[in-house]
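Structural overview
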Amino acid sequence: MTIHRFAFPTTIHFGAGARKLVAEHLGALGLERPLIVTDRGIAPLPLLAKFLADLHQLDVAVYSDIWGNPVKSQVDNGVAAFRKHRADSIIGLGGGAALGVISDDKTHIKKIIFSPMLLAKAVFADPELTLDLPPHITAATGMDALTHNVESYLSPAYHPLCDGIALEGARIAAKALRTAVREPHNIDARSDMLMASMMGAIAFQKDLGAVHSCAHALSTIADLHHGLANGIMIDHVMRFNLSAASAKMAELAHVVGVAKHTEEASATAFIDWLSALKRDLAIPATLSAYEAKRPVTRTDIPALVEVAINDTCHQTNPRPCTRADFERIFAEAI
Ligand SMILES: [Zn+2]
């Protein structure tokens, strides 16, 4: 007997202006001293000022000393900020840096920590807060959201609920991502991308895959932005996955609107669609095309493979991924 467990426990308030409900929500719970936790990238944006304006009747402190791929010491400093403010609640204002996983300062090993105690009690998803994000961040985080939907759908685990969410999330992202990058103040496209992002995050409780193992390695070794790393790697990994997941990739081709007459042709069309999307969003086609302060070169491959193979995400990749496979994938992506 196999029993599966599915959990969708969090209340989500979604829509333009949802942030205005946060003060009321805290008030109803008798909370008056929230600590806002956000990252250095978001702190100077109008987004935070807009949000703070709606919390004026509360005694609010902000902890924003989080950046890039966060490490444990940033979390420790956040605990100190919470105590200093004598806070009674935490508002996570994301960005994944403020809401997501952490690495050890010294080993840089990224660990996912999960506990029901860590789940948000309520989510307020307000697309108006994303209107001022610059195009390159919209492109990178949008590719991350798309990757979550794609990888969770392709994972072989049994989770039809998440499969349905992932397919619809991919469809919405495909429809909206180009527009959100080209027209930052298009509220419909922003709303769609926020929804696709949430759907991807819900879907990936099923699983992720080898794109994320590559991205975690690139963030650890070369400090690449997580979404950008996924955006660069996704079509390279999908080419590797093709032989093991052509039926599901054909389904993805259908939802993004590029299906052909045969399964093989559709699956290939889906990968080609990803490459074209990258071009349109100015996501570099390869790692060497990315002009970073710290360029990724072939000499990085052994270190990248070492992190990727020890990352758990690829254990649910549709095609098993060995050390030699990661070597090939990184070599092709450079
Ligand atoms: Zn991700």
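Here the structure is a predicted model, which is why all the values come from computation and not from measurement.

Let's talk about the sheet that holds strand β3 (residues 61–63)
As summarised here, the arrangement of the 3 strands in space is β3-β2-β4, forming an open sheet in which the pairing is parallel. Looking at strand neighbours, the two that pair on one side only are β3 and β4 (89–92), the edges of this open sheet. Here the strands of the sheet are splayed against their neighbours by 30° on average, with no regard to which way each runs. Strand direction decides the pairing type here: strand β2 (residues 34–37) and β4, joined by 4 bridges, are parallel.

Thoughts on the domain arrangement of the protein chain
Split by domain assignment, the protein chain resolves into domain 1 (11–130) and domain 2 (135–333). The centre of domain 1, based on its C-alpha atoms, is set 26 Å off from the matching centre of domain 2.

Considering the nonpolar core
Within the largest apolar cluster, 75 residues are counted, with the highest numbers of intra-cluster contacts made by Ala 170, Ala 173 and Cys 214. The element contributing the most residues to this core is helix α6 (residues 160–182), with 12 residues.

What to know about the pairing of β2
Judged by which residues are buried, β2 turns out to be covered on both faces: Pro 34 and Ile 36 on one side and Leu 35 and Val 37 on the other are all buried. Note that β2 and β3 share 3 bridges and pair parallel. Bridge pairing links Val 37 to Tyr 63 in β3. Handedness of the crossover joining β2 and β3 through helix α2 (residues 46–53): right-handed.

Considering unusual backbone geometry
In this structure, Arg 86 takes a positive phi of about 50° despite not being glycine. Among the structural elements, Arg 86 can be located in the loop between α3 (72–84) and β4. We note that Ala 282 has phi near 60°; this positive angle belongs to a residue other than glycine. In this fold, Ala 282 is placed in the loop between α11 (263–280) and α12 (301–310). Among the residues examined, Ala 282 registers 12 C-beta atoms within 10 Å and is labelled exposed.

Here we look at the packing of helix α8 (residues 210–222) against helix α9 (residues 226–241)
Where α8 contacts α9, the axes come no closer than 8 Å and their chain directions differ by 135°. In terms of their interaxial angle, α8 and α9 are classed as oblique. You can see that α8 and α9 cross each other, and the crossing is right-handed. Residue-level inspection shows Ala 210, Val 211, His 212, Cys 214, Ala 215, Leu 218 and Ser 219 of α8 in contact with α9, the latter providing His 226, Ala 229, Asn 230, Met 233, Ile 234 and Val 237.

Notes on helix α13 (residues 323–333)
Residues spaced three or four apart along an α-helix face the same direction, because each turn holds 3.6 residues. Taken together, the buried positions of α13 are occupied by Phe 326, Ile 329, Phe 330 and Ala 333. For α13, the angular spread of the buried residues around the axis is 95°, confining them to a single face. Residues of α13 that are exposed and point over 90 degrees away from its buried face: Ala 324 and Ala 331. As for α13, its buried residues are in contact with α8, α9 and α12.

Things to note about the environment of Val 101
As for its position among the elements, Val 101 is in the loop between α4 (96–99) and β5 (102–103). Residue Val 101 is classed as partly exposed on the basis of its 15 C-beta neighbours within 10 Å. Distance from Val 101 to Pro 70, taken between C-alpha atoms, is 7.5 Å for residues 31 residues apart in sequence.

Quick look at helix α10 (residues 246–256)
A large share of α10 lies buried, amounting to 9 of its 11 residues. Residues of α10 that are buried in the fold lie against α5 (135–154), α6 and α11. Backbone geometry just after α10 places Gly 257 at a positive phi near 90°.

Brief notes about the packing of α6 against helix α7 (residues 187–203)
Where α6 meets α7, the axes come as close as 8 Å, and the angle between the chain directions of the two elements is 150°. Here α6 is positioned roughly antiparallel relative to α7, judged by the angle of their axes. Once α6 is placed against α7, the crossing between them reads as left-handed. Here Cys 162, Ile 165, Ala 166, Glu 168, Gly 169, Ile 172, Ala 173, Lys 175, Ala 176, Leu 177, Thr 179 and Ala 180 of α6 come into contact with α7, specifically with Ala 189, Arg 190, Asp 192, Met 193, Met 195, Ala 196, Met 199, Gly 200, Ile 202 and Ala 203.

Rules behind the numbers
Residues numbered from 1 in each chain as written. Predicted model: local features only at pLDDT ≥ 70, side-chain atom pairs only at ≥ 80, totals over all residues. Pairing = 2+ DSSP bridges. Helix = DSSP H or I, 4+ residues; strand = E, 2+ residues; numbered from the N terminus. Axes fitted to C-alpha atoms, helices over the stretch in contact; angles between N-to-C directions. Domains from an automatic or database assignment. Core = buried A, V, L, I, M, F, W, Y, C linked by C-beta atoms within 7 Å. Buried ≥ 20, exposed ≤ 12 C-beta atoms within 10 Å, placed from the backbone. Right-handed = clockwise from strand over helix to strand, strands pointing away. Parallel < 35°, antiparallel > 145°, perpendicular 65-115°, else oblique. Left-handed = near helix turned anticlockwise from the far one by under 90°. Contact = placed C-beta atoms within 7 Å. Arc of directions from axis to C-beta.

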